[in-house]
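# Summary of structural features
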Amino acid sequence: MSASIIPFRFARRLPQIRKTAAYMLTLPANHAEGHLREQLRRLEDGLRKKGVAERLIRAEIVSYEGAIRAHLWRLLLSEGGAA
């Protein structure tokens with residue numbers, strides 16, 4: 001018998017998303033991108049070690065990255081007084 005491992009949606013982990021986006025805001029752009037790439041790589045490696053299917057890993061990485069970038073834009077816009 002084989003079981004499928006389905007991870008909790010990382011794009012719904014709001015405290016981690018807010019923390020990552022806020023930290024990225026304090027860094028120069030190239031360092032912020034590097035930080036995000038490293039966070040995504042760690043997430044990908046962790047999911048792979050747990051036996052999550054590759055297609056689910058890809059979906060998680062894309063949605064998590066999108067959630068972080070969306071929150072980062074919200075922070076940028078509110079900091080600039082546009083929101």
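These lines cover the structure that appears in this document, whether it is placed above or below. (Residues numbered from 1 in each chain as written. Predicted model: local features only at pLDDT ≥ 70, side-chain atom pairs only at ≥ 80, totals over all residues. Heavy atoms only, no water.)

Another aspect to go through is the environment of Arg18. With respect to the helices and strands, Arg18 occurs in helix α1 (residues 14–25). Separated by 53 residues in the primary sequence, Arg18 and His71 place their C-alpha atoms 6.8 Å from one another. (Helix = DSSP H or I, 4+ residues; strand = E, 2+ residues; numbered from the N terminus.)

The subject of this paragraph is the pattern of salt bridges. Under the criterion given, the structure shown has eight salt bridges. Arg42 is the partner of Glu38 in a salt bridge, and the nearest nitrogen-oxygen pair spans 3.0 Å. Residue Glu38 and its partner Arg42 are both found in helix α2 (residues 29–49); the two are separated by four residues, about one turn of the helix. Under the relative-accessibility criterion, Arg42 is labelled exposed at 52%. When the shortest N-O distance is used, the salt bridge between Arg58 and Glu44 registers 3.1 Å. Here Arg58, found in helix α3 (residues 54–79), pairs with Glu44, found in helix α2; they are 14 residues apart in sequence, far enough to count as distant. The exposure class assigned to Glu44 is buried, which follows from its relative accessible area of 18%. When salt bridges that share partners are traced, they join Glu38, Arg41, Arg42 and Asp45 into one network. (Salt bridge = Lys/Arg side-chain N within 4 Å of Asp/Glu carboxyl O. Buried < 20%, exposed > 50% of the residue type's maximum accessible area, 1.4 Å probe, protein only.)

This brings us to a nonpolar patch on the surface. Nonpolar side chains collect at one region of the surface, where Trp73, Leu76 and Leu77 lie side by side and expose about 310 Å² of accessible area between them. If you trace the backbone, Leu76 turns up in helix α3. (Patch = residues over 30% accessible without salt bridge, like charges linked within 9 Å, V, L, I, M, F, W, Y side chains within 5 Å. Areas by Shrake-Rupley, 256 points an atom, 1.4 Å probe, with all protein chains shown as cover.)

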